[in-house]
Amino acid sequence: MSDSPADLDTDVADERVVVVTPEGMAVTGPSNSETNPANQIEQPAKVMRIGSMIKQLLEEVRSAPLDEAGRARLAGIHERSMKELEDGLAPELVEELHSIVLPFSGDSTPTDAELRIAQAQLVGWLEGLFHGIQTVLFAQQMAARTQLEQMRRALPGGPGAMGEGGFPGGAQQGRPGGTGQYL
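Residues numbered from 1 in each chain as written. Predicted model: local features only at pLDDT ≥ 70, side-chain atom pairs only at ≥ 80, totals over all residues. Heavy atoms only, no water.

Along its length, the protein chain carries 5 helices and 2 strands. Taking all 183 residues of the protein chain together, 27% fall into the buried category. In the protein chain, of all internal contacts separated by at least 6 residues, the share reaching a separation of at least 24 is 58%. Surface accessibility of the protein chain: about 12300 Å² in total, with carbon and sulfur atoms responsible for 57%. (Helix = DSSP H or I, 4+ residues; strand = E, 2+ residues; numbered from the N terminus. Buried < 20%, exposed > 50% of the residue type's maximum accessible area, 1.4 Å probe, protein only. Contact = heavy atoms within 4.5 Å. Areas by Shrake-Rupley, 256 points an atom, 1.4 Å probe, with all protein chains shown as cover.)

Further remarks concern a negative patch on the surface. Together, Glu42, Glu92, Glu95 and Glu96 give the surface a local cluster of negative charge. Following the sequence through the fold, glutamate 92 ends up in helix α4 (residues 91-100). (Patch = residues over 30% accessible without salt bridge, like charges linked within 9 Å, V, L, I, M, F, W, Y side chains within 5 Å. Salt bridge = Lys/Arg side-chain N within 4 Å of Asp/Glu carboxyl O. Lys, Arg positive; Asp, Glu negative; His and termini not counted. Charge placed at Lys NZ, Arg CZ, Asp CG, Glu CD.)

Moving on: the nonpolar core. Core analysis: the biggest nonpolar cluster contains 19 residues, and Val47, Leu85, Leu89, Leu97, Leu122, Leu126 and Leu129 have the highest contact counts within it. Listing elements by their share of this core, those giving two or more residues are α2 (44-63), α3 (68-88), α4 and α5 (112-154). If you tally residues by element for this core, the top one is α5, at 7 residues. Not counting residues within four places of it along the chain, the set of residues in contact with leucine 97 comprises Met82, Leu85, Leu89, Leu122 and Trp125. Core analysis: the second largest hydrophobic core is formed by 7 residues, Leu57, Ala75, Leu115 and Ala118 among them. (Core = buried A, V, L, I, M, F, W, Y, C linked by side-chain atoms within 4.5 Å.)

Of note, aspartate 112 is situated in helix α5. Arginine 116 is the oppositely charged side chain nearest to the buried, salt-bridge-free aspartate 112, at an N-O distance of 4.3 Å. Apart from the residues within four sequence positions on either side, aspartate 112 is in contact with Pro65, Leu66 and Arg71.

What follows covers the environment of arginine 73. By the secondary structure assignment, arginine 73 is in helix α3. Given the relative accessible area of 61%, arginine 73 is considered exposed. Residues arginine 73 and threonine 109, spaced 36 residues apart in sequence, show a C-alpha to C-alpha distance of 9.2 Å.

Closest axis-to-axis distance for the α3/α5 pair is 10 Å, and the angle between their directions is 25°. As the angle between them shows, α3 and α5 are arranged roughly parallel. Here the hand of the crossing between α3 and α5 comes out left-handed. Contact residues: Arg71, Leu74, Ala75, His78, Met82 and Leu85 in α3; Asp112, Leu115, Ala118, Gln119, Leu122 and Leu126 in α5. A per-class count over the contact of α3 with α5 returns 8 nonpolar, 2 polar and 2 charged. (Axes fitted to C-alpha atoms, helices over the stretch in contact; angles between N-to-C directions. Parallel < 35°, antiparallel > 145°, perpendicular 65-115°, else oblique. Left-handed = near helix turned anticlockwise from the far one by under 90°. Nonpolar A, V, L, I, M, F, W, Y, C, P; charged D, E, K, R; others polar.)

Before going further, it helps to examine the packing of α2 against α5. Orientation of α2 relative to α5, taken along the N-to-C sense of each, is 145°, at an axis distance of 9 Å. Relative to α5, the crossing made by α2 is left-handed. Together, Val47, Met48, Gly51, Ile54, Lys55, Leu57, Leu58, Val61 and Arg62 of α2 and Arg116, Gln119, Ala120, Leu122, Val123, Leu126, Glu127, Leu129 and Phe130 of α5 make up the contact between the two elements. Here the residues of the contact of α2 with α5 are counted per class, giving 12 nonpolar, 2 polar and 4 charged.

Below, the structure written as structure tokens:
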């Protein structure tokens with residue numbers, strides 16, 4: 001089997017994410033690109049940078065009132081940020097973003113309240129996206145851990161076949177009772 005990118009993509013598309021709860025219950029779900037937000041971000045570093053900038057802008061808007069020129073500048077930054085985010089996201093996420101964060105109305109300068117609401121919407125959506133990615137990654141990590149444990153149990157002799165120190169039967173080389181040689 002080759003490890004070309006095309007082969008890896010088809011393998012990943014067929015995988016399922018399995019999360020095992022502390023009670024031992026397995027919860028499964030598909031991990032393909034349609035349900036995995038991590039696969040829908042084409043430029044993750046860019047999206048993270050824009051998200052951090054927008055969050056900082058929201059903090060600035062909250063801490064000080066803006067004059068009309070400041071509000072116009074912030075509205076321009078907001079619109080440019082939306083366009084840049086579109087470049088870094090899959091079409092499905094762009095569509096969702098546009099349905100959540102509405103553009104400013106009219107050609108007039110938005111008010112402080114309009115700017116705060118728009119920025120808060122965008123920050124909230126981005127934080128939700130990032131939390132979704134973290135959840136998927138955690139689920140994948142848990143599934144890999146479970147799969148590794150299953151593979152260990154399937155080894156000949158079971159999990160107790162290797163004793164203390166990684167030697168069969170618990171013997172340790174170089175110690176009394178072990179199989180190692182002494183000087």
